Amino acid sequence: APSVVGLATVFGAGGGTSSYVEIQNADAIIMWGSNARNAHPIFFHHVIKGIDNGARSWTVDPRRTSTAKFTDTWLGLNVGTDIGLAHGVAREIISAGLTDDEFIRNATTGYEEFVAFVEPWTLEHTAEVTGVPAEAIRDLAHGYATAPTAQICWTLGITEHHTGVDNVQSLCNLALLTGHVGRWGSGLVPLRGQNNVQGGGDMGALPNKLSGFQDVEDDEIRAKFEAAWDCEIPPTNGWNLTQMFEAMERDELKAVYIIGENPADSEADVKHARAMLERLDVMVVQDVFMTRTAQMADVVLPAALGWAESDGTATNSERRVQRMRAAVPPPGQARQEIGIINDLAALMGDDAWGNPTAEELWEELRTVSPMHGGMSWERLEAEGGIQWPCPTEDHPGSPFLHGRLWERPVQGRRAPFACVEDRPPLDVLTKEFPLRLTTVRALDSYNTGVQTSRYSSPIRTGEALEVSVADAADLGIADGDRVLVSSRRGAIKMTIGIDHELAVGLCYTTFHFPELADVNQITSDAVDPKSGTAEFKAAAIRIDRLDHDDRSDLDERVGVGA
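The text that follows walks through the structure, step by step, so that each part is easy to find. Every value quoted in this text rests on a predicted model; they were computed, and no experiment measured them.

## Let's talk about the sheet that holds strand S1 (residues 28-32)
Strand pairs in the sheet, formed through backbone hydrogen bonds, run parallel or antiparallel to each other. Here we have five strands laid out as an open sheet, ordered S3-S2-S1-S5-S6, and parallel in their pairing. One side of each edge strand has no neighbouring strand; the edge strands of this open sheet are strand S3 (73-75) and strand S6 (187-190). Here the average twist between neighbouring strands, direction ignored, is 15°. Here S1 runs beside strand S5 (residues 150-154); their pairing, made up of five bridges, is parallel. Opposite Ala28, over in S5, you have Ala150 as the bridge partner. Across the sheet, helix H4 (residues 41-52) touches S1, strand S2 (56-60), S5 and S6, and the angle it forms with S1 is around 140°.

## Quick notes on the packing of aromatic side chains
In this description, a pair of aromatic rings is defined by centroid distance and the angle of the planes. Scanning all chains against the criterion turns up eight aromatic pairs. For the ring pair Tyr111 and Phe417, a centre distance of 5.7 Å and an interplane angle of 50° mean the geometry is tilted. On the criterion of sequence distance, the pair formed by Tyr111 in helix H7 (residues 111-118) and Phe417 in the loop between strand S15 (415-416) and strand S16 (435-439) is long-range, its members being 306 residues apart. Like Phe417, Tyr111 is buried. Geometrically, the ring pair formed by Phe213 and Trp388 is tilted, given 6.0 Å between the ring centres and 50° between the ring planes. Pair noted here: Phe213 is in the loop between strand S7 (209-210) and strand S8 (214-215) and Trp388 is in the loop between strand S14 (386-387) and S15, with a separation of 175 residues, a long-range link. Trp388 matches Phe213 in its accessibility class, with the two residues each being buried.

## Thoughts on the environment of Ala540
Residue position: Ala540 is located in strand S21 (residues 539-545). Separated by 307 residues in sequence, Ala540 and Ile233 have C-alpha atoms that sit 43 Å apart.

## Observations concerning the pattern of salt bridges
This model, assessed by the stated rule, comprises 31 salt bridges. One salt bridge connects Arg64 with Glu501, and the closest N-O pair in it is separated by 2.7 Å. Of this pair, Arg64 sits in the loop between S2 and S3 while Glu501 sits in the loop between strand S19 (491-498) and strand S20 (506-509), and the two are 437 residues apart along the sequence. Looking at Glu501, the relative accessible area reads 38%, which means it is partly exposed. Measuring nitrogen to oxygen at the nearest pair gives 3.0 Å for the salt bridge that ties Asp343 to Arg335. The exposure class of Arg335 is partly exposed, given its relative accessible area of 37%.

## A word on the state of the cysteines
Per the stated rule, a full pass over the model turns up zero disulfides. Between Cys419, a cysteine without a disulfide, and Cys172, which holds the nearest cysteine sulfur, the sulfur-to-sulfur distance is 14 Å. The partly exposed category is assigned to Cys419, whose relative accessible area is 36%.

## Here we look at H4
An ideal rise of 1.5 Å per residue puts 16 Å on twelve residues; H4 measures up with 16 Å between its terminal C-alpha atoms. Listing the buried residues of H4 in full gives Phe43, Phe44, His46, Val47, Gly50 and Ile51. The arc that holds the buried residues of H4, viewed along the axis, is 150°, so those residues lie on one side. Across H4 from its buried face, at more than 90 degrees, point the exposed residues Ile42, His45 and Asp52.

## Let's talk about the nonpolar core
Counting 49 residues, the largest nonpolar core has Phe11, Trp32 and Ile152 as its most contacted members. When residues in this core are grouped by element, the largest group, seven residues, is from helix H11 (residues 164-178). The residues touching Ile152, leaving out its near neighbours within four places in the chain, are Ile30, Trp32, Tyr144, Leu171, Leu174, Gly187, Leu188 and Val189. Counting 19 residues, the second largest nonpolar core, distinct from the first, contains Leu435, Val485, Cys507 and Ala517.

## Description of the side chain of Glu267
Summarising the element assignment, Glu267 is placed in the loop between helix H15 (263-266) and helix H16 (270-279). One buried charged side chain, Glu267, makes no salt bridge at all; its nearest oppositely charged neighbour is Arg274, positioned 11 Å away. Apart from residues no more than four positions distant in its own chain, Glu267 is found in contact with Leu241, Phe245, Ala273, Asn520 and Phe536.

Conventions adopted
- Residues numbered from 1 in each chain as written.
- Predicted model: local features only at pLDDT ≥ 70, side-chain atom pairs only at ≥ 80, totals over all residues.
- Heavy atoms only, no water.
- Pairing = 2+ DSSP bridges.
- Helix = DSSP H or I, 4+ residues; strand = E, 2+ residues; numbered from the N terminus.
- Axes fitted to C-alpha atoms, helices over the stretch in contact; angles between N-to-C directions.
- Contact = heavy atoms within 4.5 Å.
- Phe/Tyr/Trp six-rings, centres within 6.5 Å; stacked < 30°, edge-to-face > 60°.
- Buried < 20%, exposed > 50% of the residue type's maximum accessible area, 1.4 Å probe, protein only.
- Salt bridge = Lys/Arg side-chain N within 4 Å of Asp/Glu carboxyl O.
- Disulfide = S-S within 2.5 Å.
- Expected span 1.5 Å × (residues − 1).
- Arc of directions from axis to C-beta.
- Core = buried A, V, L, I, M, F, W, Y, C linked by side-chain atoms within 4.5 Å.
- Lys, Arg positive; Asp, Glu negative; His and termini not counted.

This is the structure in structure tokens:
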């Protein structure tokens, strides 16, 4: 959500601007808040090819991740100081005379205000705020600005903060300063958290957008959809997930229909989320496994597993729409999700849908979403994938976005610079809660473990809380010890792991095994007001060693994970 909102605010479209092949041929690659080696291993193959082809590369991350070990330079910033670092890089680009002045003049707005806004962010001040050495900041600024082509890639390390949208916009500022957007080889690449996240937004699974990222509050847009769908569409934005839980607390939302989501485990401050779900009058869950959320539901609708049992399309991070083809039939009572929703519509009084196929639904989408207009079902079958926007059937698709910015003068919408404030995490470190916890993803397990924890012989058997050598010594704990981990929202028992490269004061863990370590009980309940995304990356915690008598009976089952 923060990537969609941030990119749409600056450029008018909420998708990554580049193609994977451009990463392979870029002169500079910045992995900012992204441990793609673990979280996006397929995409990371393209990054490795780019590095092998001679690209200079940087990783910006509080941890020296496995991704950082592949790149030339690691900038280990303090958690939650991404905006400050971006402002420092921007200020150095400006002061060194490395801006693309013609691009700025013809394609952007707000430049002079932005120059004045970032003036205080000298190399020295930025180093003090972020913890990144001044020379490393200067090197990143000069390397990025002078490269013929450059890519900035990011993921949850940028978006899962209470400043998520502002973080994205601060990265966009760097591309606008240097002209590293809107042309082959240069761009901004948000890596989606899981398969078809991009496609879900494209189809209209957002509270303020209809299919093709069209505004629900636009009267003309809404009229087009009402004519196509023969129904009335409310003229106001809906609730995002955070707002839905707030509405549950106010008793304004009494029924929910949850498809392919496990909020009883995945929400921040999950104890509060579970309490709100318990308050509902009706909860319907449609999913492939009996998740914790499904166990709380009044009705469970077993669905086909998307990648193996369903027919349709998926859209990846480079905006490439690809066909999905069912390989096997769904087991037991599981059904295709199109059929489930169609039958629900009939039971609710509309039996005129005609039990549509995936192809028929796609062809309908093309009539209302201009960016998909040229992607016929036949083309998707024949060409193996097409990147939106593709407005007509003779259009080849769009490897990169925003080429209009390089027109002289620019036609249509200009891209605005964003003067966004650097704001620290809302969960403040104190004497009582002196350590910073950030949640991460691992290579071999995933999210709340709905799929990856079901292996008969899993690679990992549970969570560990990774701490630095210095913090372990200070707390009198060792690798494998059981501890009580507390935040302002709760406490859980965990096993300690020692990361010999971790910065003092920083801890991390995944949330892939909630039945063993219910990590989201202690994550921050702060949210980004512009997107509703929770600040998973910046909780304040305390660690207390457990005596032998306090050790949980889970001790032998919880492995010390990576």
